[in-house]
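Notes for the structure review
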Amino acid sequence: MLKISIIDSRTQRRLVLEGKLVGPWADELRPAWERASAELDGRELVVEVKNLIVINQAGENVLLALMREGVKVRGCGVFTRHFLKELARRVERQDKERQ
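In short, a report on the structure. Each residue is numbered by its place in its chain's sequence as written, counting from 1. A pLDDT threshold of at least 70 governs which residues receive local features in this predicted model, and a stricter bar of 80 or more applies before side-chain atom pairs are shown or counted, although totals over entire chains, interfaces and linings include all residues. To get the side-chain values, all heavy atoms of the structure are used, and hydrogens and water are removed first.

**Focus on the overall build of the protein chain**
Regarding its fold elements, the protein chain presents 4 helices and 4 strands. In the protein chain, the order of α-helices and β-strands from amino to carboxyl end is β-β-α-α-β-α-β-α. Rg of the C-alpha trace for the protein chain: 13 Å, near the compact-globule value of 13 Å for 99 residues, within the 12% margin. Overall, the C-alpha framework of the protein chain stretches about 35 × 30 × 25 Å when taken along its three principal axes. Each of the 99 residues in the protein chain was classed as buried or not, and the buried ones make up 38%. For the protein chain, the exposed surface amounts to about 6200 Å²; the carbon and sulfur share of it is 50%. Both charge centroids of the protein chain, one from 19 positive and one from 15 negative side chains, sit 5 Å from each other. Helix numbers and strand numbers start at the N terminus; a helix is a DSSP run of H or I with at least 4 residues, a strand a run of E with at least 2. C-alpha atoms define the radius of gyration, and 2.2 Å times the number of residues to the power 0.38 defines the globule rule. For every residue, the accessible area obtained with a 1.4 Å probe (protein chains only) is divided by the maximum for its type, and the residue is called buried under 20%, exposed over 50%, and partly exposed between those limits. In these tables, accessible area is a Shrake-Rupley quantity obtained with a 1.4 Å probe, and a residue counts as shielded only by the protein chains included in the view. Think of it this way: Lys and Arg go in the positive column, Asp and Glu in the negative one, and His and the chain ends go nowhere. A charged residue contributes its charge at one atom only: NZ of Lys, CZ of Arg, CG of Asp or CD of Glu.

**Overview of the pattern of salt bridges**
We count a salt bridge whenever a side-chain nitrogen from Lys or Arg sits within 4 Å of a carboxyl oxygen from Asp or Glu. Applying the stated criterion across every chain, the model contains 9 salt bridges. Among the ionic pairs, Arg30 bridges to Glu69, the shortest N-O distance being 3.1 Å. Here Arg30, found in helix α2 (residues 29-37), pairs with Glu69, found in the loop between α3 (57-68) and β4 (72-75); they are 39 residues apart in sequence, far enough to count as distant. For Glu86, the salt bridge goes to Arg89, with nearest N and O atoms at 2.5 Å. On the criterion of helical spacing, the pair formed by Glu86 and Arg89 is a turn pair, its members being 3 residues apart in helix α4 (residues 78-98). Of the residues examined, Glu86 reaches a relative accessible area of 30% and is grouped as partly exposed. One salt-bridge network, held together by shared partners, links Asp8, Arg13 and Arg43.

**A look at the sheet that holds strand β2 (residues 12-21)**
Strands pair, by our definition, only if DSSP identifies at least two bridges between them. Read from one edge of the open sheet, 4 strands run β1-β2-β3-β4, paired in mixed fashion. Two strands in the sheet have a free side with no partner beyond their single neighbour: β1 (2-8) and β4. The mean angle between the axes of side-by-side strands here comes to 25°, regardless of whether they run parallel or antiparallel. Here 4 bridges tie strand β3 (residues 44-55) to β4, and the two strands are oriented parallel to one another. If you follow Glu48 over to β4, its bridge partner there is Arg74. Axis definition: a line fitted to C-alpha atoms, limited for helices to the stretch in contact. Angles are taken between N-to-C directions and run from 0 to 180 degrees.

As far as function goes, none of this settles anything; it's purely spatial.
Structure representation (structure tokens):
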């Protein structure tokens, strides 16, 4: 199960992910992001990885796709931050290869 919470502030809208980012639940992230980004009114949109207990290849792929589109993905915890940095490096390498 994946829980996606939306937290709004004056300058930012955060999508907070908790649970399992796998299979069909990973597929729910993109439409949630698209709905959230439609009503930003100049605010920043951030995907916050918080308390994810499992991420499989489908989850990785959706995070990579969002990062390629310029979405800011943040996380807490040593492992999560390391994982997100590795994904960001993959995006950078793929962008360089396309040029």
